[in-house]
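If you want the building blocks of each chain, they are given just below.
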Amino acid sequence: MNKNLVLMALIMSMFVGLQIAEPAAAASMKVVDHGSVKFKDYYGNPCTFTWKTYQIKTSYVKMVGHAYSPKTKKEAYMYVYIQKISKNLVKISGKDVLKYSGHTKTIKIPTEYGYSKLTAAQCYWRYFRPSLLSTITKTMS
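Looking only at helices and strands, one finds 2 helices and 6 strands in the protein chain. Along the chain direction, N to C, the helices and strands of the protein chain fall in the order α-β-β-β-β-β-β-α. Within the span of the protein chain, comprising 141 residues, buried residues form 22% of the whole. Taking the contacts inside the protein chain whose residues are at least 6 apart along the sequence as the reference set, 35% of them involve residues at least 24 apart. Carbon and sulfur atoms make up 62% of the accessible area of the protein chain, which amounts to about 10100 Å² in all.

Written out as structure tokens, the structure reads:
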């Protein structure tokens, strides 16, 4: 009986600890960029791409993007993670989640490593963000 009581107390304390730790971790992640761009898809349907970028210190950046077409009701989510691994190494990974006709398909973005002395935040601002916006802008024309 005492073992069950101790086990229950341990589980409750872990639960309370996780509830306290989760908001603290979320508070350390701040929004550093956000925006919205309208464009037309391959078939000429109007679409909107919105994104938010979160940063923890300068060594980790997470970008969440959402593309939606009101005419076709198709939507896609893009998750990109840029992380400083060591002094000279940056890791970029992520996934795309496509939703259409009641189906969901997840596509993992191949993980890439790049040699750079830049921080994850600097990589986002100098390379990733301009490339993303350029790609979307080309889709519009």
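Within the structure shown, the criterion is met by 3 aromatic pairs. Ring geometry for phenylalanine 49 versus tryptophan 51: centroids 6.0 Å apart, planes at 25 degrees, classification stacked. For phenylalanine 49, a relative accessible area of 7% translates into the label buried. We classify tryptophan 51 as buried; its relative accessible area is 6%. An aromatic cluster is present here, built from Tyr124, Trp125 and Phe128 joined pairwise through their rings. When the ring centre of tyrosine 79 is taken as origin, the NZ or CZ atom of lysine 95, which lies over that ring, is 5.4 Å away.

This part covers the pattern of salt bridges. Evaluation of the coordinates by the stated rule reveals 1 salt bridge. Between arginine 129 and aspartate 33 there is a salt bridge, with its nearest N and O atoms 2.6 Å apart. Note that arginine 129 is positioned in helix α2 (residues 120–140) and aspartate 33 in strand β1 (residues 30–40), a separation of 96 residues in sequence. Accessibility expressed as a relative area gives 21% for arginine 129, which makes it partly exposed.

The nonpolar side chains of a soluble globular protein tend to be buried with one another. Membership of the largest hydrophobic core comes to 19 residues, with the highest contact counts inside it found for Phe49, Met63, Ile82, Tyr124 and Phe128. Put simply, the parts of the chain that give this core at least two residues each are β1, β2 (46–56), β3 (60–69), β4 (74–86) and α2.

A few words on the side chain of serine 69. With respect to the element layout, serine 69 can be found in strand β3. In this structure the side chain of serine 69 is engaged in a polar contact, spanning 3.0 Å, whose partner is the side chain of threonine 72.

Turning to the side chain of serine 116, a few remarks are in order. By secondary structure assignment, the location of serine 116 is in the loop between β6 (103–115) and α2. What serine 116 contacts, discounting residues up to four positions off in sequence, is Lys84, Lys87, Asn88, Leu89, Val90 and Cys123.

Quick look at the environment of tryptophan 51 now. Looking at the element boundaries, tryptophan 51 is found in strand β2. The spatial distance from the C-alpha of tryptophan 51 to the C-alpha of serine 36 is 6.5 Å, given a sequence separation of 15 residues. Residues in contact with tryptophan 51, not counting those within four places in the same chain, are Asp33, His34, Gly35, Ser36, Val37, Met63, Val64, Gly65, Tyr124, Arg129 and Leu133. Reaching out from tryptophan 51, the side chain makes a polar contact with the side chain of aspartate 33 at a distance of 3.0 Å.

Our next topic: the pairing of β6. Here β6 lies mainly on the outside; 0 of its 13 residues are buried. Where strand β5 (residues 89–100) meets β6, 11 bridges bridge the pair, whose relative direction is antiparallel. Each residue of the ladder has a partner; that of aspartate 96, found in β6, is isoleucine 107. Here β5 folds back onto β6, and the loop between the two strands holds 2 residues, one of which, serine 101, carries a positive phi near 45 degrees.

Cut-off values and rules
- Residues numbered from 1 in each chain as written.
- Predicted model: local features only at pLDDT ≥ 70, side-chain atom pairs only at ≥ 80, totals over all residues.
- Heavy atoms only, no water.
- Helix = DSSP H or I, 4+ residues; strand = E, 2+ residues; numbered from the N terminus.
- Buried < 20%, exposed > 50% of the residue type's maximum accessible area, 1.4 Å probe, protein only.
- Contact = heavy atoms within 4.5 Å.
- Areas by Shrake-Rupley, 256 points an atom, 1.4 Å probe, with all protein chains shown as cover.
- Phe/Tyr/Trp six-rings, centres within 6.5 Å; stacked < 30°, edge-to-face > 60°.
- Lys NZ or Arg CZ within 6 Å of the ring centre and 35° of its normal.
- Salt bridge = Lys/Arg side-chain N within 4 Å of Asp/Glu carboxyl O.
- Core = buried A, V, L, I, M, F, W, Y, C linked by side-chain atoms within 4.5 Å.
- Polar contact = N/O pair within 3.5 Å; in protein donor to acceptor, adjacent residues only side chain to side chain.
- Pairing = 2+ DSSP bridges.

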